[in-house]
Amino acid sequence: SVETFGPDSEVFATIATVPSVNELELTMFLRITNPNTADTDGYAINMYSLLGVFNTYEYFRVDNGVLTILGSAVTGPTLAVGDSVGAQMSGSRLVIWTKQGAGAWTALDAGRTDATYSAAGYIALRMDGSTDYPHVTDFGGGTTTPCATAGANTVSWCPGPHATPGQSVIEMRP
């Protein structure tokens, strides 16, 4: 994006196409500093496809452009055309959210915690593939605001219209 958000921030998109080839990735970034340089820092979530099935999710910290996995990969809902995926960074907790069709947003799990980067940053989206790319619509995000009633130990998210509007950069790499 062309402006920074946060530090509590979100990023989300809707799946428009799911190619049928192997090893495709959709990566979303939050709290990114020094974008497009060797010094890029922040956080990322990654969804990847094996034989056209998007159902493997990973959490990462980005240190000087290098992705460091936070915990192990998680198998979750299979994303299809019309489904949405997003991430929320609140304090030191990074959580992946999915929404199947017109259903409700659901946390993939309790997320991961990491306090390395706590300042505001950019959001971004990257799509990687060898011969075909996943396509998304409705890419957005911004600074989050608290949802209406959430308990102290409850993970909740109400993405979308409350996000600070901004322009976003979409990067595609072969």
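The following refers to the structure shown. Small disclaimer: the values here were computed from a predicted structure and weren't measured. (Residues numbered from 1 in each chain as written. Predicted model: local features only at pLDDT ≥ 70, side-chain atom pairs only at ≥ 80, totals over all residues. Heavy atoms only, no water.)

Here we take up the pattern of salt bridges. Under the defined criterion, the tally for this structure stands at 4 salt bridges. Across the pair Arg61 and Asp63 runs a salt bridge whose closest N-O atoms are separated by 2.9 Å. Through salt bridges with shared partners, one network takes in Arg61, Asp63 and Asp114. (Salt bridge = Lys/Arg side-chain N within 4 Å of Asp/Glu carboxyl O.)

Turning next to unusual backbone geometry. Note that the residue after Gly6, namely Pro7, is joined by a cis bond; omega there is 25°. Of note, Pro7 is situated in the segment before strand E1 (9-17). Although it is not a glycine, Arg31 adopts a positive phi angle of roughly 55°. Along the chain, Arg31 falls in strand E2 (residues 24-33). In this structure, Asn34 takes a positive phi of about 55° despite not being glycine. With respect to the helices, strands and loops of the structure, Asn34 is situated in the loop between E2 and strand E3 (41-50). (Helix = DSSP H or I, 4+ residues; strand = E, 2+ residues; numbered from the N terminus.)

A separate point is the nonpolar core. With 29 residues, the main nonpolar core has Leu26, Ile45, Met47, Val85 and Leu94 as its most contacted residues. Looking at this core, the element that brings in the most residues is E2, giving 4 residues. (Core = buried A, V, L, I, M, F, W, Y, C linked by side-chain atoms within 4.5 Å. Buried < 20%, exposed > 50% of the residue type's maximum accessible area, 1.4 Å probe, protein only.)

What follows concerns the environment of Ala73. Mapping Ala73 onto the fold places it in the loop between strand E5 (66-69) and strand E6 (74-79). Of the residues examined, Ala73 reaches a relative accessible area of 39% and is grouped as partly exposed. Leaving out residues up to four positions away in the same chain, Ala73 has contacts with Thr56, Tyr57 and Glu58. (Contact = heavy atoms within 4.5 Å.)

Evaluated as defined, the whole model comprises 1 aromatic pair. Their ring planes at 70° and their centres at 5.8 Å tell us that Tyr43 and Tyr117 sit as a pair that is edge-to-face. On the criterion of sequence distance, the pair formed by Tyr43 in strand E3 and Tyr117 in the loop between strand E10 (112-113) and strand E11 (122-128) is long-range, its members being 74 residues apart. An identical accessibility class is assigned to Tyr43 and Tyr117; each is buried. (Phe/Tyr/Trp six-rings, centres within 6.5 Å; stacked < 30°, edge-to-face > 60°.)

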